[in-house]
Amino acid sequence: GMLAGVLWNMGNLGATVANLPPLGAVGYTLTQAALLPACMWGVFYFKEIRGRRNIVMFSVGAVVILAGLIITGYFGQTEPNW
């Protein structure tokens, strides 16, 4: 209970700081990427998605997210835009 709340708040604070200029584009993308491990946990541990077609569609979506992360990390804003 309490420890989970403290950990969640630390992550939330880190996400907020990551979205501040000049790293807003990269920080926002990385905070949205947190959905990927959560989805993988649901798919592989809790078996929330069943059927080969649905798992393939999930995998394609995960690859698109990872490609977006790589592209944003490579081409993301590197200098302050004051």
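Before reading on, note that the structure itself is shown above.
Residues numbered from 1 in each chain as written. Predicted model: local features only at pLDDT ≥ 70, side-chain atom pairs only at ≥ 80, totals over all residues. Heavy atoms only, no water.

Peer 1: Hey, could you go over the packing of helix α2 (residues 24–32) against helix α4 (residues 52–75) for me, with residue numbers and the actual values?
Peer 2: α4 packs onto α2 with a crossing angle of 160° between their chain directions and a minimal axis gap of 9 Å. With respect to each other, α2 and α4 are oriented roughly antiparallel. In this structure, α2 crosses over α4, and the sense of that crossing is left-handed. Listed contacts from α4 to A25, V26, T29 and L30 of α2 are G68, L69 and T72. For the contact of α2 with α4, the class distribution of residues is four nonpolar, three polar and no charged. (Axes fitted to C-alpha atoms, helices over the stretch in contact; angles between N-to-C directions. Helix = DSSP H or I, 4+ residues; strand = E, 2+ residues; numbered from the N terminus. Parallel < 35°, antiparallel > 145°, perpendicular 65-115°, else oblique. Left-handed = near helix turned anticlockwise from the far one by under 90°. Contact = heavy atoms within 4.5 Å. Nonpolar A, V, L, I, M, F, W, Y, C, P; charged D, E, K, R; others polar.)

Peer 1: Residue-level account of the environment of V63, with values.
Peer 2: Structurally, V63 is set in helix α4. Classification of V63 by relative accessible area gives exposed; the value is 54%. Residues V63 and L36, spaced 27 residues apart in sequence, show a C-alpha to C-alpha distance of 9.9 Å. (Buried < 20%, exposed > 50% of the residue type's maximum accessible area, 1.4 Å probe, protein only.)

Peer 1: Lay out the packing of helix α3 (residues 35–44) against α4 in plain terms, naming residues and giving numbers.
Peer 2: Orientation of α3 relative to α4, taken along the N-to-C sense of each, is 160°, at an axis distance of 11 Å. In this view, α3 runs roughly antiparallel relative to α4, as classed from their interaxial angle. Relative to α4, α3 is oriented so that their crossing is left-handed. Contacts between α3 and α4 involve L36, C39, M40 and V43 from the former and F58, A62, I65 and L66 from the latter. Looking at the contact of α3 with α4 residue by residue, the class counts come to eight nonpolar, no polar and no charged.

Peer 1: An account of the environment of I65 is requested, with residue identities and associated values reported.
Peer 2: If you trace the backbone, I65 turns up in helix α4. Since its relative accessible area comes to 38%, I65 is described here as partly exposed. Taking C-alpha positions, I65 is 7.2 Å from A33, a pair spaced 32 residues apart along the chain.

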